[in-house]
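# Reading the structure
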Amino acid sequence: MSEIPAKATESEDPSGGARAKAASALAADAAHGLADGPDESVTHGDAMWQSSPPGSIYDYIRVASFSIGPDGLVDQWSLRAEQIFGIPADRAVGMDPIDAFVDPDLRERGQRKMAEILDGREWTGVVPFRMPDPVPGGGRGEQGLAEVYVMPTRSLDGEKAAVCIVVDVRTLRSIETDLAASQAIFGQSPFGFLLIDPDLRVRRANQRFASIFGGSPDDHRGKGVHDYLPRSEADRVSATLRRVLQTGDSITDMHVTGFVPGSDERRHWSINLYRVHSGTGRPIGIAWLGTDITARRAAAREAAAARRNLALLNDAGARIGNSLDLETTARELLDVVVPGFCDLATVDLYQGLLAGDETPPGLADGSAELRRVAFSSAVSDAPFAGAGAPVAVGAVHHFPFNSPCADALRTARPQTIPGEEGGLVQSTLAVPMVAHDTVVGLAQFSRTKGSEPFGDRDRDLAVELAARAAVCIDNARLYRREHERALILQRSLLPPGDPVASGLDIACRYLPGNASTGRPSEVGGDWFDVIELPGHRTALVVGDVMGRGLRAAVAMGELRTAVRTLALLDLEPAEVLSALDEIARGLGTPGGVQQATRAARRPREADLSEVYLATCVYAVYDSVTRRCTFANAGHLPPVLVEPGEPALMLDVPPGMPLGVGGEPFEEVEVDLPEGALLALYTDGLVESRDHPLDEGLNAFVGALTDPSAPLEDVCDHVLNTLDSHHGEDDIALLMARVQGLPADSVGDWTLPREPRSVGRAREYARGQLLSWDLEPLVDTTELLVSELVTNALRYGEGEIRLRLLLDRTLVCEVWDAGLVQPRRRRARDTDEGGRGLQLVGLLSAAWGSRRTPRGKTVWFELPLPDGDTALADPAEALLSLF
């Protein structure tokens with residue numbers, strides 16, 4: 001101790017007021033009742049601490065007492081003195097406190113003070129002390145500083161003694177530091193701070209809390225959470241406070257919503273709660289630390305909305321436009337926005353644009369007719385009240401001129417339409433669908449009452465979604481238009497209606513690629529044809545141009561036209577394919593066939609000419625002999641089903657595809673029995689991505705089990721049995737059942753090469769026609785037969801053959817061994833001859849000549865009397881020649 005006060009009667013506070021502050025604060029808290037309850041006895045070591053609610057300052061300050069006897073030695077030692085000084089009572093009693101606790105340098109002065117105390121004087125002061133050696137000779141004990149209050153007293157014998165009360169100054173200084181820290185945290189905190197008692201009432205509030213809810217901190221004493229929060233929110237918070245008070249579990253970042261006085265803006269706070277204990281560890285309340293997170297919540301909502309909108313746009317980019325179908329694209333838009341963006345949505349497109357009209361009437365003013373192509377609702381399957389008059393999907397309608405929807409179509413700007421009173425719709429966004437500066441339709445997005453209203457960000461998002469869908473829809477519209485045009489072109493190049501052939505029962509099927517799946521696709525180059533040839537013969541053609549699109553369709557049309565032209569020349573099948581091969585090679589060369597031939601003579605250099613390749617089967621069927629001649633250019637083999645026999649693929653040498661060139665084509669003749677079934681087809685019928693060619697061919701052959709069934713049924717059975725709905729390629733199927741001409745429908749005679757054969761020919765013809773009940777044709781037939789036989793005698797060679805064929809028409813053929821083809825010419829008025837072929841042309845429906853392996857055949861054809869074509873008058877025909 002550096003100094004012992006001279007005035008022993010003066011009290012000093014060397015703790016700098018810490019004791020007074022601590023006592024004042026604790027007394028104030030005790031007066032406000034921070035804790036209520038019965039008296040408690042808490043045992044610490046061997047000492048019994050008595051505590052009365054709401055607590056005592058001695059719970060925080062280390063205070064001890066001992067007494068000094070008349071001899072100046074310790075005669076009583078309290079349990080708290082044991083705890084402060086660490087000396088048990090049995091050792092402390094009998095000790096000289098001056099010798100035990102005071103440094104040797106201060107003992108003399110201490111002894112004088114002890115004598116004054118024992119003389120009956122009170123003394124208060126601060127005494128530095130040291131703990132006695134824990135072990136004698138073990139060194140100096142712990143140093144300390146104590147405030148001592150000495151009060152004179154007397155023993156039982158009446159002798160003078162003293163009672164000493166000791167306070168640990170270090171504890172007082174610690175309390176001072178804690179109070180300063182508590183005041184800094186509570187009073188200077190930028191967060192709202194509350195101290196709530198066990199009755200869930202505010203016992204203390206800081207200035208920050210008071211600045212938010214008004215008044216001074218003292219004005220909030222005694223209030224509850226129901227005074228600050230809405231009832232439902234206050235009930236939730238009260239339940240949480242009770243749980244914290246009961247369990248001691250702290251609550252972190254609890255979100256609370258409410259309002260502040262004088263404002264209708266909803267505020268959000270983040271609350272942290274933890275239980276507060278007294279110095280003895282007894283719960284005395286709950287600490288409430290609140291932070292205003294309204295701005296943070298708004299920013300989080302904005303960020304979440306931006307992320308949601310971005311995700312919606314990404315979803316739209318991935319899901320909209322996967323199909324080139326108008327209705328499918330519109331439904332894809334609604335699948336994206338419902339229910340993620342709105343509760344109800346519709347898409348209306350201009351009816352004129354759907355029909356292919358580029359500028360439908362009323363497009364500029366928004367009054368043109370629209371067709372509803374898609375509808376989606378997250379709450380019901382039909383439009384609900386407040387959304388206007390319901391329009392069914394597929395229905396055609398128009399908006400009134402002064403309506404917001406019509407205004408959106410006119411101005412190409414979105415319009416917000418408020419919901420009707422009593423309806424479920426809160427508001428609707430009418431967004432025009434603009435693609436390439438053209439309005440193609442209108443999308444409507446509606447939200448029901450109770451949903452968040454549309455904002456500016458929602459409007460911008462709706463415009464972007466509608467624009468993306470509009471571009472996809474416009475692309476689908478343009479593609480559909482081009483596809484339909486190409487399909488019309490392709491179908492116009494195919495045989496119209498059901499083909500009819502002499503001696504054959506014909507059935508055919510053509511399926512464009514993806515027609516069965518409903519998905520738009522490019523047209524292909526598959527084709528088939530049935531060509532009537534002279535002599536009741538029929539050419540059957542099936543071909544496939546490699547590639548897809550308008551280019552393939554145009555190439556197919558050119559090849560089909562070339563086939564028909566070559567067929568009319570009555571060439572053999574191999575010759576037809578050879579000529580067709582030259583034509584196919586010329587299609588890819590700007591200069592045509594001649595240019596392609598010249599290019600083949602010089603070294604081939606890199607050029608931009610297109611290569612056209614095609615496969616084709618060309619067959620010529622003679623209904624009289626029931627013989628069919630095949631030639632194949634890289635196509636799949638024909639399939640033949642004879643009565644009572646399984647189907648088989650004909651062994652026709654495939655040859656090279658058309659357009660390759662350099663290889664001849666071979667012919668194969670096959671005799672077809674009566675009732676046999678012949679099938680020609682393209683690879684789309686028997687090959688797909690999931691089914692290899694061999695598997696498809698076997699399935700096709702296996703499907704032809706009943707050749708006697710009607711051909712239409714056979715075609716349907718084949719398409720239903722095979723995988724014909726894959727839509728990857730066009731499918732062409734041509735089936736023919738053999739029905740040869742009966743023997744009594746054929747008249748065949750051989751005439752010698754002599755003048756009287758002309759008369760015999762007339763007699764044979766007359767007799768045959770009369771047997772067929774064709775008397776109206778006798779005169780004309782006799783005249784024309786006479787002309788042809790006469791020409792054969794004059795200009796032909798070898799014996800003459802006359803043949804009459806009766807089917808749907810009457811055909812007359814005159815054969816001879818001469819190779820010179822007859823040539824029709826116009827005779828001058830002074831010529832005696834040269835009018836025979838003119839007469840044949842005037843009286844017959846058709847006439848011509850063709851080469852045969854042994855010469856030539858000249859023929860003419862007459863319609864039957866019961867036909868629609870009127871018979872020419874021979875007399876008038878003769879007069880017209882002059």
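This write-up is about the structure you can find in this document. None of these values were measured; they are calculated from a predicted model. (Residues numbered from 1 in each chain as written. Predicted model: local features only at pLDDT ≥ 70, side-chain atom pairs only at ≥ 80, totals over all residues. Heavy atoms only, no water.)

## Some points on the overall build of the protein chain
Cut-off, in case you're wondering: Only DSSP runs of H or I covering at least 4 residues are called helices, and only runs of E covering at least 2 are called strands; the numbering of each starts at the N terminus. Each residue's exposure class comes from its accessible area (1.4 Å probe, protein chains only) as a fraction of the maximum for that residue type: buried when under 20%, exposed when over 50%, partly exposed otherwise. Any two residues having at least one pair of non-hydrogen atoms within 4.5 Å are treated as being in contact. For the accessible areas, the method is Shrake-Rupley and the probe is 1.4 Å, while residue cover comes only from the protein chains on display.
Secondary structure summary: the protein chain contains 22 helices and 33 strands in total. Across the 882 residues in the protein chain, those meeting the buried criterion constitute 47%. For the protein chain, contacts bridging at least 24 residues in sequence account for 61% of all contacts bridging at least 6. Carbon and sulfur atoms make up 51% of the accessible area of the protein chain, which totals about 43200 Å².

## Brief notes about the pattern of salt bridges
Basically, it comes down to this: Each salt bridge in this description consists of a side-chain nitrogen of Lys or Arg and a carboxyl oxygen of Asp or Glu lying within 4 Å of one another.
Summed over all chains, the structure comprises 36 salt bridges. Salt-bridge contacts for Arg509 lead to Asp716; the nearest nitrogen and oxygen are separated by 3.0 Å. Taken as a pair, Arg509 in strand 19 (residues 504-511) and Asp716 in helix 18 (residues 711-721) lie far apart in primary sequence, 207 residues in all. One salt bridge in this structure joins Glu754 and Arg760, with 3.7 Å as the shortest N-O distance.

## With respect to the nonpolar core
This is how the line gets drawn: For the purposes of this section, nonpolar cores are sets of buried Ala, Val, Leu, Ile, Met, Phe, Trp, Tyr and Cys residues that join through side-chain atoms within 4.5 Å.
Ranked by internal contacts, the top residues of the largest apolar core, which has 56 residues, are Trp527, Leu540, Leu580, Tyr618 and Leu734. With eight residues, helix 14 (residues 550-568) is the largest single contributor of residues to this core. Beyond its immediate stretch of four places on either side in the chain, Tyr618 contacts Ala539, Leu540, Val541, Val563, Ala567, Pro573, Val576, Leu577, Thr629, Phe630 and Ala631. Core analysis: the second largest hydrophobic core is formed by 48 residues, Val347, Leu354, Ile417 and Leu465 among them.

## Thoughts on the sheet that holds strand 12 (residues 283-292)
The criterion, for reference: Here, any two strands with at least 2 DSSP bridges between them count as paired. Helix axes use the C-alpha atoms of the stretch in contact, all axes being lines fitted to C-alpha atoms, and the angles between their N-to-C directions lie in the range 0 to 180 degrees.
The five strands are arranged 9-8-12-11-10 in an open sheet whose pairing can be described as antiparallel. Two strands close off the open sheet at either side, each with one partner strand: strand 9 (202-205) and strand 10 (251-258). Strand-to-strand twist of the sheet, defined as the mean angle between neighbouring strand axes without regard to direction, takes the value 30 degrees. Contacting strand 8 (192-196) and strand 9, helix 6 (residues 169-188) runs over the sheet at an angle of about 115 degrees to strand 8. Strand contacts of helix 9 (residues 294-319): strand 10, strand 11 (267-277) and strand 12, with the helix running at about 130 degrees to strand 11, the strand carrying the most contacts.

## Focus: the sheet that holds strand 4 (residues 74-77)
The five strands are arranged 4-3-7-6-5 in an open sheet whose pairing can be described as antiparallel. A single partner strand is all that each edge strand has here, and the edge strands are strand 4 and strand 5 (123-130). Each adjacent strand pair in this sheet contributes to an overall mean axis angle of 30 degrees, direction not counted.

## Focus: a negative patch on the surface
Let me state the cut-off plainly: Note on patches: the residues involved have over 30% relative accessible area and no salt bridge, like charges join within 9 Å, and the nonpolar side chains Val, Leu, Ile, Met, Phe, Trp and Tyr join within 5 Å. Charged residues are defined narrowly, with Lys and Arg counted positive, Asp and Glu counted negative, and His plus the chain ends left uncounted. In this description, the location of a charge corresponds to atom NZ of lysine, CZ of arginine, CG of aspartate or CD of glutamate.
Side chains of Asp71, Asp75, Asp157 and Glu159 sit close together on the surface and give a patch of like negative charge. Within the secondary structure layout, Asp157 lies in the loop between strand 6 (143-154) and strand 7 (160-168).

## Some words on the side chain of Lys856
To be explicit about the condition: Side-chain atoms alone can form a polar contact between residues adjacent in sequence; in general such a contact is a pair of N or O atoms within 3.5 Å, and within protein one must be able to donate a hydrogen while the other accepts it.
Note on placement: Lys856 falls in strand 33 (residues 855-863). In this structure the side chain of Lys856 is engaged in a polar contact, spanning 2.9 Å, whose partner is the side chain of Asp816. Leaving out residues up to four positions away in the same chain, Lys856 has contacts with Gly796, Val814, Trp815, Asp816, Gly818, Val820, Gln821, Pro822, Arg850 and Arg851.

## Considerations on the packing of aromatic side chains
The geometry of an aromatic ring pair is captured by two quantities: the separation of the ring centres and the angle between the planes. Applied cut-off: The pairing test for Phe, Tyr and Trp rings, Trp by its six-membered ring, is centres within 6.5 Å, and the orientation test on the planes gives stacked under 30 degrees, edge-to-face over 60, and tilted for anything in between. Charge over a ring is defined by NZ of Lys or CZ of Arg lying within 6 Å of the ring centre and within 35 degrees of the ring normal.
Overall, the coordinates contain twelve aromatic pairs when judged by the stated rule. Considering the side-chain rings of Trp749 and Tyr764, the 5.4 Å spacing of their centres and the 10 degrees angle between planes classify their relative orientation as stacked. Of the two residues, Trp749 is situated in strand 29 (residues 746-751) and Tyr764 in helix 19 (residues 757-771); the sequence distance between them amounts to 15 residues. Given the relative accessible area of 31%, Tyr764 is considered partly exposed. Taken together, the ring pairs in this structure connect Phe66, Trp77, Phe85 and Phe101 into an aromatic cluster. When the ring centre of Phe341 is taken as reference, the NZ or CZ atom of Arg447 above it lies at 5.2 Å. In this arrangement the basic side chain of Arg850 is found over the ring face of Trp815, its NZ or CZ atom lying 5.8 Å from the centre.

## Here's the deal with the packing of helix 19 against helix 20 (residues 778-795)
Spelled out, the test is: Put simply, a crossing is left-handed when the front helix is turned counterclockwise from the back one by less than a right angle, and right-handed when it is turned clockwise. Three residue categories are used. Nonpolar comprises Ala, Val, Leu, Ile, Met, Phe, Trp, Tyr, Cys and Pro, charged comprises Asp, Glu, Lys and Arg, and polar comprises the others, including Gly.
Running from amino to carboxyl end, helix 19 crosses helix 20 at an angle of 150 degrees, the nearest separation of the two axes being 9 Å. Crossing of helix 19 over helix 20 shows right-handed handedness. Residues Ser757, Val758, Ala761, Arg762, Ala765, Arg766, Leu769 and Leu770 of helix 19 form the contact with helix 20, whose own contacting residues are Val778, Asp779, Thr781, Glu782, Val785, Ser786, Val789, Thr790 and Leu793. Its residues assigned to classes, the contact of helix 19 with helix 20 comprises nine nonpolar, four polar and four charged.

## Section: helix 20
Applicable threshold: Expected helix span is given by 1.5 Å per residue-to-residue step, counting one fewer step than there are residues.
If you check helix 20, its first and last C-alpha atoms are 26 Å apart, about what 18 residues at 1.5 Å a residue would give, namely 26 Å. For helix 20, the set of buried residues is Val778, Thr780, Thr781, Glu782, Leu784, Val785, Ser786, Leu788, Val789, Ala792 and Leu793.

## A word on the side chain of Glu782
Following the sequence through the fold, Glu782 ends up in helix 20. When sequence neighbours within four positions are dropped, the list of residues in contact with Glu782 reads Arg762 and Arg766.

## A closer look at the packing of helix 20 against helix 21 (residues 836-843)
Direction vectors running N to C along helix 20 and helix 21 enclose 150 degrees, while the axes themselves pass 10 Å from each other. Classified by chirality, the crossing of helix 21 by helix 20 is left-handed. Across from Thr780, Leu783, Leu784, Glu787, Leu788 and Asn791 in helix 20, the residues of helix 21 making contact are Gly836, Leu837, Leu839, Val840 and Leu843. Of the residues belonging to the contact of helix 20 with helix 21, the class tally is seven nonpolar, three polar and one charged.

## A short note on the pairing of strand 14 (residues 370-377)
Most of strand 14 is tucked away, with seven of its eight residues classed as buried. Strand direction decides the pairing type here: strand 13 (residues 344-350) and strand 14, joined by seven bridges, are antiparallel. Bridge pairing in strand 14 places Tyr350 opposite Leu370. Relative to strand 15 (residues 396-397), strand 14 runs antiparallel, the two being bridged by two bridges. Bridge assignment links Arg371 to a residue of strand 15, and that residue is Val396.

## Quick look at unusual backbone geometry
Cis rather than trans, the peptide bond between Val338 and Pro339 has omega equal to 0 degrees. Despite not being glycine, Ala412 has its phi angle at roughly 60 degrees, a positive value. For Ala412, the location among the structural elements is in the loop between helix 12 (404-411) and strand 16 (415-418). A positive phi angle, close to 60 degrees, is found at Asp773, a residue other than glycine. By secondary structure assignment, the location of Asp773 is in the loop between helix 19 and helix 20. For Asp773, a relative accessible area of 67% translates into the label exposed.

## Description of the pairing of strand 33
Within strand 33, eight of the nine residues are buried, which leaves it mostly tucked inside the rest of the structure. In terms of strand pairing, strand 32 (residues 846-852) meets strand 33 through seven bridges, oriented antiparallel. Counted as the bridge partner of Ala846 is Glu861 from strand 33. Once strand 32 ends, the chain turns through two residues before running back antiparallel as strand 33.

## Details of the environment of Asp235
Looking at the secondary structure, you find Asp235 in helix 8 (residues 231-247). Taking the C-alpha atoms as reference points, Asp235 and Val225, separated by ten residues in sequence, lie 8.4 Å from one another. One polar contact links Asp235 to His226, side chain to side chain, over a distance of 2.8 Å.

## What about the environment of Arg766?
On the secondary structure map, Arg766 appears in helix 19. In this structure Arg766 comes out as partly exposed when scored by relative accessible area, which is 34%. The spacing of Arg766 and Leu777 is eleven residues in sequence and 8.9 Å in space, taken between C-alpha atoms. When near neighbours in sequence (up to four residues on either side) are disregarded, Arg766 contacts Val778, Asp779 and Glu782.

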